2 protein chains.
Amino acid sequence: MELKVYVHRLSQPARAVLLFCKMAGIQFEEVFIDLTMKQQKTPEFLEINPLGQVPAISHADFNLFESHAILIYLASAFPGIADHWYPSDLLKRAKIHSVLDWHHSNLRRSTAAYVMNSALAPVIGLPLNPQAAAKFDKLLCASLSTIDSVWLRESGPFLFGADLPSIADLSLVCEIMELEVLDEEDKNRILGPHKKVKQWIKDTKQVTLPHFDEVHNVLFKTKARFQKQRSMSAATLQSKM
Amino acid sequence: MELKVYVHRLSQPARAVLLFCKMAGIQFEEVFIDLTMKQQKTPEFLEINPLGQVPAISHADFNLFESHAILIYLASAFPGIADHWYPSDLLKRAKIHSVLDWHHSNLRRSTAAYVMNSALAPVIGLPLNPQAAAKFDKLLCASLSTIDSVWLRESGPFLFGADLPSIADLSLVCEIMELEVLDEEDKNRILGPHKKVKQWIKDTKQVTLPHFDEVHNVLFKTKARFQKQRSMSAATLQSKM
């Protein structure tokens, strides 16, 4: 197949690219890059993406990496993609670039770092780091407040008051979904105050089903595994008291 | 004037936007936002940019923030802008998006944080933080290596081997220019190993003169003030020995 999409589904930006391809009806071959086996650092993969990260794509002879660049390219290069994903209107498009830029140093940075330091680190053999988690907790909560008060301030279910989602809705919502692996109480503490954000996640999920659930399935499984581990730890602790 | 560009010239992304407007011959009014007086947090400015940051623009009734989104918008909305700044060719454009995305979490994050923690903090009443500086020093050096080996790997003076600069060259070079406020020895330690990067900075400067120097003038003055302070501190120290 002409378009290859290199992903590991535990990567948030990789999930956003997959979800977009499925929603836009783009034909592609999904190539699994096993991050736990460091396949993203093999000479073969570094030929595709010298930065050694997923997602990446190769489209005929053209290699591209960085998820937002990929989303924009796919929405522009394939025929018949619905305009709402990456509007041709200059002003709408500019706003989408604006929130995608903001995302990097705010929501993306804080979610990835918070989840890693407060839950995921042991999976890759690192200790949890409560001090780092606390720092990124603050940035994460501030980022969610900004989504609420700035990016979702116009009426309408999606970013900038749009009636239908854009690539930016997919990117940001796939990022926030990472909070699923947290302890349920912690996730609710973080998302609880942001009713508008919660409704927007629900709306984005709703219009992208069944692909949304299919793409996030591995995350839901990870969540279930973590919950089981937590229950077992709690039971062990209780039996020792 | 129809286009207003809100800046403080000590902001790297603000300088990139100014430099692009001047190079592209876009007519605009420069509106000074005094960050030292927290003018970016006034209700009037928050109407323009609710994130309270520079740069921002207002073009007739349209407000926009985030420097990369602004650069793309300006290159697209104004007539007669030379194609090399933001090529209409899909593949070239995709590569530019790719490096602009990479920039946020790598060069931008490391340069801003390194310079703040190792030199600028006292200017805004904060102490220097050698531990944080060391952390971002590592990311900064890695980012420069990536520019060298990935973004400048094709022959040709500019990013992706282009003959003429794009908005990405301006954004990245304006960021690196921030290193000018460092102690000369430290700056040379950081940039020294990256000959290709140094040549690219020189080439970008060369093709954007005299605007490049004019836009960076306030930075050069800050550099001179810092050098004088360092010399005086050294002399005081010597007189006490």
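A quick note: this is a predicted structure, and the numbers were derived from the prediction, not measured.

Engineer: Mind showing me how you'd approach the overall build of chain A here?
Structural biologist: From N to C terminus, chain A includes 9 helices and 4 strands. The order of α-helices and β-strands along chain A, N terminus first, is β-α-β-α-β-β-α-α-α-α-α-α-α. For chain A, whose C-alpha radius of gyration is 18 Å, the value lies close to the compact-globule estimate of 18 Å for 241 residues. A total of 241 residues make up chain A; the buried ones form 38% of that total.

Engineer: What is the right way to look at the relation of the copies chain B and chain A in this model?
Structural biologist: Both copies of the chain are tied together by a single rotation about an axis and a shift running along it. In the superposition of chain B on chain A (RMSD 0.0 Å, axial shift 0.0 Å), the rotation amounts to 180°. Within this description, the copies of the chain are treated as partners about a two-fold rotation axis. Most of the interface of chain B is mirrored in chain A, where 100% of its interface residues again form contacts.

Engineer: What am I meant to see in the sheet that holds strand S4 (residues 62-65) of chain B here?
Structural biologist: Across a sheet, paired strands are connected by hydrogen bonds in the backbone, their directions being either parallel or antiparallel. All names here are of chain B. In space, the 4 strands of this open sheet follow the order S2-S1-S3-S4, with mixed pairing throughout. The sheet terminates laterally at strand S2 (29-32) and S4, the two strands that pair on one side only. Ignoring which end each strand starts from, the neighbouring axes of this sheet average 20° apart. Alignment of strand S1 (residues 3-7) against strand S3 (residues 56-59), held across 4 bridges, turns out to be antiparallel. Considered in S3, the bridge of Leu3 is made with His59. Relative to S1, helix H1 (residues 12-24) is tilted by about 150°, and along the sheet it contacts S1 and S2.

Engineer: Before we go on, may I ask you to explain the packing of helix H1 (residues 12-24) of chain A against helix H3 (residues 67-77) of chain A in this structure?
Structural biologist: Two measures define how a pair of helices packs: the angle their axes make with one another and the distance between the axes. Residue and element names in this part refer to chain A. Relative orientation of the contacting elements H1 and H3 amounts to 10°, with a least axis distance of 9 Å. As the angle between them shows, H1 and H3 are arranged roughly parallel. On H3, the residues touching Pro13, Ala16, Val17, Phe20 and Cys21 of H1 are Ser67, Ile70, Leu71 and Leu74. When its residues are assigned to classes, the contact of H1 with H3 shows 8 nonpolar, 1 polar and no charged.

Engineer: Looking at this structure, I do not really get the packing of H1(A) against helix H6 (residues 167-176) of chain A. What am I missing?
Structural biologist: Residues and elements named next belong to chain A. Orientation of H1 relative to H6, taken along the N-to-C sense of each, is 140°, at an axis distance of 8 Å. Here H1 is positioned oblique relative to H6, judged by the angle of their axes. Crossing angle aside, the handedness with which H1 passes H6 is right-handed. Within the contact between the two elements, H1 uses Gln12, Pro13, Arg15, Ala16, Leu19 and Phe20 and H6 uses Ile167, Leu170, Ser171, Cys174 and Glu175. Considered class by class, the residues forming the contact of H1 with H6 number 7 nonpolar, 2 polar and 2 charged.

Engineer: Would you mind going over the interface of chain B and chain A with me for this structure?
Structural biologist: Often, the extent of an interface is quoted as the loss of accessible area upon association of its parts. Counting residues at the interface gives 23 residues for chain B, matched by 23 residues for chain A. Elements represented by at least two residues in the side of chain B that touches chain A include exactly S4, helix H3 (67-77) and helix H4 (90-120) of chain B. At 10 residues, H4(B) tops the list of elements feeding residues into the side of chain B that touches chain A. Its residues assigned to classes, the side of chain B that touches chain A comprises 14 nonpolar, 6 polar and 3 charged.

Engineer: Just to check I follow, could you spell out the pairing of S3(B) for this structure?
Structural biologist: Each regular strand carries side chains that alternate between the two faces of the sheet. Pairing of S3(B) with S4(B) involves 4 bridges; the strand directions are antiparallel. Residue pairing for S4(B): B:Ile57 is matched across the bridge by B:Leu64.

Quick notes on the rules
Residues numbered from 1 in each chain as written. Chains lettered and ligands numbered in written order. Predicted model: local features only at pLDDT ≥ 70, side-chain atom pairs only at ≥ 80, totals over all residues. Helix = DSSP H or I, 4+ residues; strand = E, 2+ residues; numbered from the N terminus. Rg over C-alpha atoms; globule rule 2.2 N^0.38 Å. Buried ≥ 20, exposed ≤ 12 C-beta atoms within 10 Å, placed from the backbone. Least-squares fit on C-alpha atoms with pLDDT ≥ 70 in both. Contact = placed C-beta atoms within 7 Å. Pairing = 2+ DSSP bridges. Axes fitted to C-alpha atoms, helices over the stretch in contact; angles between N-to-C directions. Parallel < 35°, antiparallel > 145°, perpendicular 65-115°, else oblique. Nonpolar A, V, L, I, M, F, W, Y, C, P; charged D, E, K, R; others polar. Left-handed = near helix turned anticlockwise from the far one by under 90°.

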